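Observations on the model geometry
Letter by letter, the chains look like this.
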Amino acid sequence: MEMTSSTYLRIRTWIGFFLLFSAPLVAQEEVLKGFIYEGSSAKPLEGVRVTVHENQAYTFTDSKGFFQLSLLPGHYHLHFEKTQYLAEDLDLDFPAVSSLKISMVPSNIELEEILIEDGFLNRTKRNNSQSIISLSPDEAEKSSQLDLASLLSQMPGVNALNTGLGISKPVVRGFSGNRVAVIDEGIKQEGQQWGMDHGLEVDPFSVYNVELVKGPAALQYGSDAIGGALRLLPEPLSEKTWSGGLQSAWHSNNNTQAYSGYAAYSRNSLNLRLRLSHKQYHDFRVPAEEFVYNGFLLPITDQTLKNTAGQQSSGQLELAWNRKTYRARYKVSLFQQKQGIYSGATGIPRAFDVGFIGPTGDIDLPRQEINHYKLYTLQNIKIGKHWLELEAGYQLNDRAEKSLPHAHGFEELDSNNTLALGLLLHSGQANIRYKSHWGSADLVLGGSQQVQYNQQTGFEYLIPSYNSYQSGIFAIAKGAFSESLKWDGGLRWEYKQHQSALSTTPWWNNIDSLVLRSPAINRRFSNIAAAFGVVFQIKESWLLKGHLARSFRAPNVAELSSNGVHHGTFRHEVGDATINPEIAWQLDAGIEFQNRDLLLRLSPYFYYFENYIFLRPTARFSLLPEAGQLYVYQQAPIIQGGTELYVDWHPWAKLHWSNASELLINENLETGLPLPFSPPWSNLSSLRWEEERWSISIDWRYTFAQNRVDRNENTSPQYHLFHFKSSWNWESGRHQVQLSASVQNIFNRAYLQHLSRYRILNLPEQGRNLVLGLSYKF
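Residues numbered from 1 in each chain as written. Predicted model: local features only at pLDDT ≥ 70, side-chain atom pairs only at ≥ 80, totals over all residues. Heavy atoms only, no water.

Here we look at the overall build of the protein
- The number of helices and strands found in the protein is 6 helices and 42 strands.
- The C-alpha atoms of the protein give a radius of gyration of 26 Å, which matches the 28 Å a tight globule of 778 residues would have.
- Each principal axis of the C-alpha distribution contributes one length, and for the protein these read about 80 × 60 × 50 Å.
- The buried share of the protein, reckoned over its 778 residues, is 59%. (Helix = DSSP H or I, 4+ residues; strand = E, 2+ residues; numbered from the N terminus. Rg over C-alpha atoms; globule rule 2.2 N^0.38 Å. Buried < 20%, exposed > 50% of the residue type's maximum accessible area, 1.4 Å probe, protein only.)

A word on a nonpolar patch on the surface
- A cluster of nonpolar side chains, namely L687, W689, W694, I696, I698, F724, W728, W730, L739 and L774, defines an oily patch on the protein surface of about 860 Å² accessible area.
- Only β38 (682-690), β39 (694-703) and β40 (719-732) provide two or more residues apiece to the nonpolar patch.
- The topology assignment puts L774 in strand β42 (residues 769-777). (Patch = residues over 30% accessible without salt bridge, like charges linked within 9 Å, V, L, I, M, F, W, Y side chains within 5 Å. Areas by Shrake-Rupley, 256 points an atom, 1.4 Å probe, with all protein chains shown as cover. Salt bridge = Lys/Arg side-chain N within 4 Å of Asp/Glu carboxyl O.)

Let's talk about the pairing of strand β1 (residues 30-38)
- Across 6 bridges, β1 lies against strand β4 (residues 66-71) in antiparallel orientation. Its bridge partner lying in β4, V31 is registered against S70.
- For β1 and strand β7 (residues 99-104), the ladder comprises 6 bridges, and the chain directions are parallel. Bridge pairing links E38 to M104 in β7. (Pairing = 2+ DSSP bridges.)

Section: the pattern of salt bridges
- Tallied over the full model, the rule gives 31 salt bridges.
- One salt bridge connects E369 with R367, and the closest N-O pair in it is separated by 2.6 Å.
- A salt bridge links R616 to D710; the shortest N-O distance between them is 3.2 Å. Of the two residues, R616 is situated in strand β35 (residues 598-621) and D710 in the loop between β39 and β40; the sequence distance between them amounts to 94 residues.
- Residue class for R616 comes out buried when judged on its relative accessible area of 11%.

A look at the pairing of strand β18 (residues 290-293)
- Side chains F291 and Y293 project from β18 onto a buried face, and the interleaved E290 and V292 project onto a face without burial.
- Of the pairings in the sheet, the one linking β18 to strand β19 (residues 296-299) comprises 4 bridges and is antiparallel in character. Residue pairing for β19: Y293 is matched across the bridge by F296.
- Linkage of β18 to β19, two consecutive antiparallel strands, is achieved through a turn of 2 residues, within which N294 is found at a positive phi near 50 degrees.

Considerations on the environment of A501
- Summarising the element assignment, A501 is placed in the loop between β27 (485-500) and β28 (503-507).
- Counting along the chain gives 19 residues from A501 to A520, while the straight-line C-alpha distance between them is 4.4 Å.

As for the sheet that holds strand β2 (residues 49-52)
- On the basis of which strands lie adjacent, the open sheet formed by 4 strands has the order β3-β2-β5-β6 and antiparallel pairing. With one partner strand each, in any of the chains shown, β3 (58-60) and β6 (88-94) form the two edges of the open sheet. The mean angle between the axes of side-by-side strands here comes to 20 degrees, regardless of whether they run parallel or antiparallel.
- Bridge count between strand β5 (residues 74-81) and β6: 7 bridges; the pairing is antiparallel. From the neighbouring strand, H75 faces β6, where its bridge partner is D93. (Axes fitted to C-alpha atoms, helices over the stretch in contact; angles between N-to-C directions.)

Quick notes on the packing of aromatic side chains
- This structure, assessed with the given rule, holds 27 aromatic pairs.
- For the pair F35 and Y37, a centre-to-centre distance of 5.8 Å together with 15 degrees between the ring planes defines the contact as stacked.
- Residue class for Y37 comes out buried when judged on its relative accessible area of 19%.
- Plain terms: the ring middles of W493 and Y495 are 6.3 Å apart, the flat faces sit at 15 degrees to each other, and that makes the pair stacked.
- The aromatic ring of Y37 is capped on one face by K101, whose charged end is 5.7 Å from the ring centroid.
- Its end group placed over the ring of Y631, R571 keeps NZ or CZ at 4.9 Å from the ring centre. (Phe/Tyr/Trp six-rings, centres within 6.5 Å; stacked < 30°, edge-to-face > 60°. Lys NZ or Arg CZ within 6 Å of the ring centre and 35° of its normal.)

Focus on unusual backbone geometry
- Cis geometry marks the peptide bond from F94 to P95, where omega comes out at 10 degrees.
- Structurally, P95 can be placed in the loop between β6 and β7.
- Even without being glycine, D302 reaches a positive phi, approximately 55 degrees.
- The phi dihedral of N762 falls on the positive side, at around 60 degrees, and the residue is not glycine.
- Topologically, N762 is positioned in the loop between β41 (735-744) and β42.
- The class for N762 is partly exposed, based on a relative accessible area of 29%.

Let's talk about the nonpolar core
- Counting residues in hydrophobic clusters, the biggest one holds 39 residues, and the most contacted among them are F291, L305, Y342, I463, L761 and L763.
- Elements supplying a minimum of two residues to this core: β18, β24 (419-438), α6 (557-561), β35 and β36 (629-652).
- Sort the elements by how many residues they give to this core and β24 lands first, with 3 residues.
- Among residues more than four places away in sequence, those in contact with Y342 are F291, P299, L305, K306, N307, T308, V354, P366, Y758, L761 and L763. (Core = buried A, V, L, I, M, F, W, Y, C linked by side-chain atoms within 4.5 Å. Contact = heavy atoms within 4.5 Å.)

Observations concerning the sheet that holds strand β8 (residues 131-135)
- One open sheet holds the 5 strands; their spatial order is β8-β13-β14-β11-β12, and the pairing between them is mixed. Of all strands in the sheet, those with a lone pairing partner are β8 and β12 (187-188), marking the two edges.

Points about the confidence of the model for the protein
- In the predicted model, the protein carries a mean pLDDT of 89, and 93% of its residues have values of at least 70.
- Considering only residues more than four positions removed or in separate chains, one finds that residues 13-26, a stretch of pLDDT under 50, has 20 contacts. (pLDDT = per-residue confidence, 0-100.)

Looking at the side chain of Q429
- Inspection of the secondary structure puts Q429 in strand β24.
- Engagement of the side chain of Q429 in a polar contact is seen with the backbone nitrogen of K188, the distance being 3.3 Å.
- Not counting the four nearest positions on each side in its chain, Q429 is found in contact with G186, I187, K188, E391, A392, G393, Q449 and Q450. (Polar contact = N/O pair within 3.5 Å; in protein donor to acceptor, adjacent residues only side chain to side chain.)

A closer look at the environment of W487
- With respect to the secondary-structure elements, W487 resides in strand β27.
- For the pair W487 and N729, spaced 242 residues apart in sequence, the C-alpha to C-alpha distance is 43 Å.
- In contact with W487, not counting residues within four places along its chain, are A477, K478, G479, A480, F481, F532, G533 and V534.

Remarks on the side chain of H723
- Tracing the backbone shows H723 in strand β40.
- Look at H723 and you get buried, because its relative accessible area is 19%.
- There is a polar contact of 2.9 Å between the side chain of H723 and the backbone nitrogen of N745.
- Excluding its chain neighbours within four sequence positions, the residues that come into contact with H723 are S697, I698, D699, V743, Q744, N745 and I746.

A word on the environment of R553
- You can see R553 is positioned in strand β31 (residues 542-553).
- Counting along the chain gives 60 residues from R553 to I613, while the straight-line C-alpha distance between them is 9.8 Å.
- With near-sequence residues (within four places) excluded, R553 lies in contact with N178, R179, S223, I226, E559, P581, E582 and I613.
- A polar atom in the side chain of R553 sits 2.9 Å from the side chain of E559.

Below is the structure:
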């Protein structure tokens, strides 16, 4: 089983061809001068950060509102940011324009103080026809969750598909896995993303800002972003020679202890940053003493879910080098996780298995052990007036799912052989983009290459070893029909090849016999994605958007060739080697009103998939021992629609109220039934009082009952949750301290989360949890 021999040669040829023309032209520096003022009063603004997007050079306005930047001739994109003002941006053809006068509008809406742009055309969210939102979590918010996806679930339109605590992945408008790309500083996160019980190998403490593209993003990021994309952005370069910080957190429910520290050095063009983090947590507790599965009443001893303890460790080192005509960033990171799985989630739950707890900090069998390594580089090179961006990354994901062979019927195997499923994934990725500007239009030409090899081991079988190769080329552009009517769009061609050999394994009760698990597969897929959208500025405060896309996604390895028990999900999954790629037509709209104290955003959408791939529960049970219900990958035409409503209001300067509502409805057009694993309607309302040094807030989340389910899928009842948060900040010179205290699930409500992998066992989620956090920065 080999990939096409020219795969690596293609990547080397691409990079070599573009580097041949990458020598920057020698030119004379000139000075850009500017003045920034408040639009309503015309008073000068001091302390506005002015950043050059291409090389990350920055400066601040002085007390009279003036700034200066030394630049070489070229086309640049500038950011203007200041607390309590709407962020602004500007495309600059320098030195044709060498003097600027910028007005900024006061705003109490915190989300609008940070400039949110896509990573290609530098379109701000107001000038982008797609729906883009951001999250900039503070230290208290990072401390409150064990994993990144749970942290992101605060964003409207985002849910978490979780397996207890510590394992979760984001769900965007009902899409997850290989339909939502997670882009970590330019490189797509690759960690067996097809698995519902496979989380993100990212340290939440390391996340500075998250930008979410809701809706189709396949044009920019490839077919794995057909449902959306999450961009994890690095912290801006330090303004100090030395800086650093320490964060710690404690959770009462499962005795979580979390620590993270970083140190940064900046001098001239060189920037270094090192971060180390560690978390250790015990079995978590739920507000229940028993649960019912298949008519049997089973105990939850001491209201504790046995073997849900875990630990996480991570480290990352970054180096950045910035010059006038060149910017480089290098990053190496390691993420390790050891996570216990509730004893009743693999094999049929029995009272003697789940009733005895033992030490709550032990991580026993079954469990997951994950080691994820990542190398990444970005090269941004000025060529004449324009810029060439090169990104390359390598990831190694070593995943071991361990359990006792006797629990899966392998009585003849040595009980010391606990590797049920081993998955070793090598991923190499390279991206290239050339950004140019003509007249009032910006154009980006680019391409991407990805090579993967995944090796499967262990006494269980789920997917075969496989090779894959993916390549794409694209052109995207933005422009303006008039001052109030802007447009963007583009075209992408993508090719994917997937190869796996015929797979046979010993049968569970006769290890000398062999059975066919999946056929040999060698398939090639190619298609085109296209999109076009407009943004209409009706009035100064009103905005109207529309975006139409045709998207394409090739099936992943699980959809083509899975055939076995999926560890931690309590089911037998079966793929289909004849499945065809998905074709989708996706319409997104948006209407927005904004003034100084109020932001109102409505984002309706409607999608039609000609042949949607989904995992459907059947009425049959697996022939494998204690493997649970049989789930089969199928295809059908479907429709999906919904809307998100977000309100952010400051009735007084210190009082903040926000409300995020989301509604999703879908239907299988062949059966007339809803799709399985669809998030229920929900509403999150937050009220916060904020003083200069302290703040308190209360959140109320109401989740409607999910009665729109597929055949053989459980419904889930409605529930209310209340949370309390508080923080206190102290600052003296360059020293900053933050203390935080919060209570999650104040009333200790027992509830079933529809997207939880423990839902099938009727297990409730975590009960009341007190979270204490402490952070220090200098």
